[in-house]
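The residues making up each chain are set out below.
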Amino acid sequence: MTSASAIVLKVIGLSLRFGGLMAIDDVTFEVRDGEVLSLIGPNGAGKTSVFNAITGYLRPQTGDILYKGNRLSGLQPHAIAARGVVRTFQKTSLFGGQTVFGNVLIGLHLSARQRPLAIILGLSSVARDERKLEDSAWDILRFMGLESRAHELGSALSYGDQRLLEVAIALAAHPRLPLLDEPVSGMNPTEKIRFMRMLDEIRREGTTILLVEHDMRTVMDASDRIICLNNGRIIADGTPREIQSHPEVVRAYLGERATRAGG
Amino acid sequence: MTRWKSALIIGFLATIPLWLTSPYFLHILITTGIFIIAAMSLNLLLGFTGQLSLGHVAFFGIGAYVSALLSLGFEVHVADDFALGVAPKPVWLSMLFGTFAAGLCGFALGKIAFKVRGAYFVIVSISFAEVVRLVAVNWVELTQGPMALNNIPPLKLGTPDLLELSFLRKPACFYLVLAISAACYVIIRRLVNSHAGRAMIALRENEPLAMSVGIDVTRYLVLAAVISAAMAGAAGALYAHYVRIVDPDIFLFIYTVIMVIMVVTGGKGTLAGPIVGGIIFGLLPELLRALGIKPELQWIAFGVVMILVVFLLPQGIVPALDNRWKNRKRHPPDVKPSIHVGSGAPR
Amino acid sequence: MDQFLQHCLNALMLGGIYALLGIGLTLIFGIMRVVNFTHGELYAFGAYMMYAFVMRLSIGFFLALTLATVLGVVLGAAIEFVLLRQLRSSDIDVTMLVMIGTWIALQNTEQLAWTGVAQSIASPFPADPITLGGLSVSWNRAFVFAVAILLVATTYFLVNRTKLGMAMRATFQDRETAALMGVRIERVHTMTFALGSGLAAAAGALLGPVFVVTPTMGDLAAAKAFAVVILGGMGNLVGATLGGFILAFAEEIGVGYISSGYRDAMGFLLIILILLVRPTGLFAREERIS
């Protein structure tokens, strides 16, 4: 990754306080075009809080977030998603009462033309648009390997399939910068491999990805660059090889290391 | 439900005034139909979008009063020597205004719903309806208060020289209510099966996730509220020009409760639910009255039914029947699945 | 000026009752997060029991008062145990529907049992009011005020100084942790609902002799109770007490100088206003009941 790569996301001086606790403390970093950047750090380091701040779910006290030069700070989550910054959630998050197909259709919301009057009047262009959406949904389900489960309820899926569905929903929103929050947590090795393959395909298309993960092997294999957080602060920023032997990172994980053996 | 089945049902319903000539039964069917429209509108907000709106009767009543007042004409003194007078308007225009006024209130409620959540929204919506009721009772100059608005003109379409349709007699009113309720059903079905409807369902099921895929929660809350309120207002306007007398009791909380019972018992979040619930709770009181059962007992029965439905059939009748039916059939593997709307299959 | 002071005195008397109605509901609302549609019915129940005891069974006034309150506690506990407990894990809208169903059933049972005719209850107090300077207040109302304040104070004591009260406060603040610490949440819920219902019944029993007793009297009482709870903040006893007086003053002063028909609208308008502007209530402090 040359330093001449375009900067896609700039986080500048981000600080977030909860009650008396500094969840994020003066965090500054950049994400370059086409790279996979992982945020790591022990529990409570502030990784998900950074995601929440970037995507508008939490309002930071100070700091700025710029996406392709445009300010994201202060926007509502749906507006940020509309700009192509789409996040997944740490805890399994689905539309449980809907079918798998329905879930992905909802994810395709941004692709639909907003025309309430046309809908009510039942214009045939609406039906045509619907069919296009349904075709896109099938494409995504096939890409994720979920098309055989299309008519099952989201809540009835196995855990691994639910996690895949979550990614499918996020993909449906056509993210230009996906933020994946612990996507492989709870997956068995086979599911992880499947996920990695899918991640590779997305990368090949040149999509920039921001990742929060605990699973060290996934992080080392998938990432171009890693940023390590601890107590809300950045303690390291470099390539996987640099991070692996970084003394601060090792120290931060001491005690966590044994329970977080990758894979 | 396929187009053919729907056409058949509508066709059958259309024949009713031809063989059911008793004005009493027609009256029951007409008022039940009006209530079904109100219940369908409530279902959009309560069932599909998951908003605990218990002030729905306010929209119904506002539609009724605005339409009635415009068709009768009115004069109010806003200051000591300044009077605002409105000449009587044609009924069809008044009804449109009534629908519009209700929709406007729905807009306000939708905006509030975003700020005020859960149990608090329940209380706000009930309070809103009560304030409107008290205004209707006390602003006697405008509304005649408890003495009611009388002699509300019926709907007349066309011109006296050419073809004039007068919706005064019961059979004509029956067809009018049938037509409007069918139209409302179609509107809701189209909405629910579109991306807008999916957005409403999404924000009911998982709001943070909905936001993360770009769904503007406020926008869809407001959309649901406006359409829901406007439809209820239309039902109210229909009511005003059918019964032709409107008093502040139309705003009583108990009518919201009836609508809620219809929606919940039938199956909230399903298209057929409010219709099934509406038929049951529209016709049941008459049946009980015919059997000589005291109204208090009837209400106790309603209360008990509500509790039982919550415990035994928590999704309502339509989804329960749906599940029963699905367990008997098997899905052919190559059928393209349809999106599940709420908790029932689309009809 | 005398008029104004009289209004203030009336408001004071009324405020005591509103506070009594409010603190029961704020506890239920705060600890159980239930929109208690039956609160008004417990109020009416208390009034009807008072009527039954005093007018039909010729039981002494003060004994009847106590009995009516106790029965209110029992009825509240029964409702919680039979209905609400089963719905512990359900959504708020489910609980709400059950409460509405119960409200309908209770009100119409009352209608059926006692007919809709307004009943009056004889009280043992002299008919002539107490006069102080240019102000007057009836014995009945003064008694009602005194008992209301007493009950409010008792509730304070219960919530702040007893083990049960501590359990209630813990459940309000953090249900899960409280459960982990050994608080029996189920029992807390039953006690809370029973207490709140008992207070509502007491309010009804107290006011029955002052006004008349009708099956629908609970509806208005419930509306006032909710207004008080919103004013004061959910779970906030001090807030509910103060809220009761604020509502009473708003109504009395409003009635005096604006139209009387809109008096009842005052409560609803305040609700809407507060929820829009300061949803946590006028007196919200940290999340705790005290």
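In this text, all values refer to a predicted model and were calculated from it rather than measured experimentally.

Some points on the confidence of the model for chain B
Residue and element names in this part refer to chain B. Taken as a whole, chain B shows an average pLDDT of 86; of its residues, 93% reach a score of 70 or greater. Highest mean pLDDT in chain B belongs to helix H10 (residues 217–243) (94); lowest belongs to strand S4 (residues 164–167) (74). Below pLDDT 50 for its whole length, residues 332–338 participates in six contacts with residues either more than four positions away or in separate chains. Taken as a whole, residues 340–347 scores under 50 in pLDDT and shows 31 contacts with residues more than four places along the chain or in a different chain.

Some words on the interface of chain A and chain B
Each side of the interface is counted separately: chain A has 34 residues, and chain B has 26 residues. Residue assignment for the side of chain A that touches chain B shows that the elements contributing at least two residues are helix H2 (77–82), strand S6 (85–87), helix H3 (100–107), helix H4 (116–121) and helix H6 (159–172) of chain A. The element that contributes the greatest number of residues to the side of chain A that touches chain B is H3(A), accounting for five residues. Grouping the constituent residues of the side of chain A that touches chain B by class yields 21 nonpolar, 12 polar and one charged.

A few points about the nonpolar core
In terms of nonpolar packing, the biggest core is built from 290 residues, with Val104(A), Ala168(A), Leu20(C), Leu21(C), Met50(C) and Ile271(C) touching the most fellow members. With 20 residues, the single largest contributor to this core is H10(B). When residues of this core are assigned to domains, at least three fall in each of domain 1 (1–84 + 177–263) and domain 2 (94–174) of chain A.

Some thoughts on helix H5 (residues 139–161) of chain C
Between its first and last C-alpha, H5(C) extends 32 Å over 23 residues, near the 33 Å set by a 1.5 Å rise per residue. Among all positions in H5(C), only Arg141(C), Val144(C), Phe145(C), Val147(C), Ala148(C), Leu151(C), Val152(C), Thr155(C) and Val159(C) are buried.

A short note on the sheet that holds S6(A)
Residues and elements named next belong to chain A. With mixed pairing, six strands are arranged side by side in an open sheet as S6-S7-S8-S3-S9-S10. What marks the edges here is a single partner per strand, and that holds for S6 and strand S10 (233–238). Going from strand to strand, the sheet's axes swing by 15° on average, the running direction of each strand aside. Of the strand pairs in this sheet, S6 and strand S7 (residues 177–181) are connected by three bridges, and their pairing is parallel. Within the sheet, the bridge partner assigned to Arg87 lies in S7 and is Leu179. The sheet contacts of helix H1 (residues 47–54) involve strand S3 (36–40), S6, S7, strand S8 (209–212) and strand S9 (225–230), and relative to S7 the element is tilted by about 145°.

What about the packing of helix H2 (residues 23–48) of chain B against helix H11 (residues 253–266) of chain B?
All names here are of chain B. The interhelical angle for the contact between H2 and H11, taken along N-to-C directions, is 70°, at an axis separation of 9 Å. With respect to their mutual orientation, H2 and H11 come out roughly perpendicular. Together, Phe35, Ala38, Ala39, Leu42, Asn43, Leu46 and Gly47 of H2 and Met259, Val260, Met262 and Val263 of H11 make up the contact between the two elements. Residues belonging to the contact of H2 with H11 are distributed by class as follows: nine nonpolar, two polar and no charged.

Quick look at the sheet that holds strand S4 (residues 62–67) of chain A
Residues and elements named next belong to chain A. The four strands lie next to each other as S2-S1-S4-S5, forming an open sheet whose pairing is antiparallel. Each of the sheet's edge strands pairs with one partner strand only, and the pair in question is strand S2 (21–32) and strand S5 (70–71). Pairing of S4 with S5, which is carried by two bridges, proceeds in the antiparallel orientation. From the neighbouring strand, Tyr67 faces S5, where its bridge partner is Asn70. Packing against the sheet, H1 makes contact with strand S1 (7–18), S2 and S4, and its axis sits at approximately 70° to S2.

Some words on the pairing of strand S1 (residues 74–77) of chain B
All names here are of chain B. Where S1 meets strand S2 (residues 83–86), four bridges bridge the pair, whose relative direction is antiparallel. Along S2, the bridge assignment pairs Val76 with Leu84. Counting the residues that bridge the hairpin from S1 to S2 gives five residues.

Criteria and thresholds
- Residues numbered from 1 in each chain as written.
- Chains lettered and ligands numbered in written order.
- Predicted model: local features only at pLDDT ≥ 70, side-chain atom pairs only at ≥ 80, totals over all residues.
- pLDDT = per-residue confidence, 0-100.
- Helix = DSSP H or I, 4+ residues; strand = E, 2+ residues; numbered from the N terminus.
- Contact = placed C-beta atoms within 7 Å.
- Nonpolar A, V, L, I, M, F, W, Y, C, P; charged D, E, K, R; others polar.
- Core = buried A, V, L, I, M, F, W, Y, C linked by C-beta atoms within 7 Å.
- Buried ≥ 20, exposed ≤ 12 C-beta atoms within 10 Å, placed from the backbone.
- Domains from an automatic or database assignment.
- Expected span 1.5 Å × (residues − 1).
- Pairing = 2+ DSSP bridges.
- Axes fitted to C-alpha atoms, helices over the stretch in contact; angles between N-to-C directions.
- Parallel < 35°, antiparallel > 145°, perpendicular 65-115°, else oblique.

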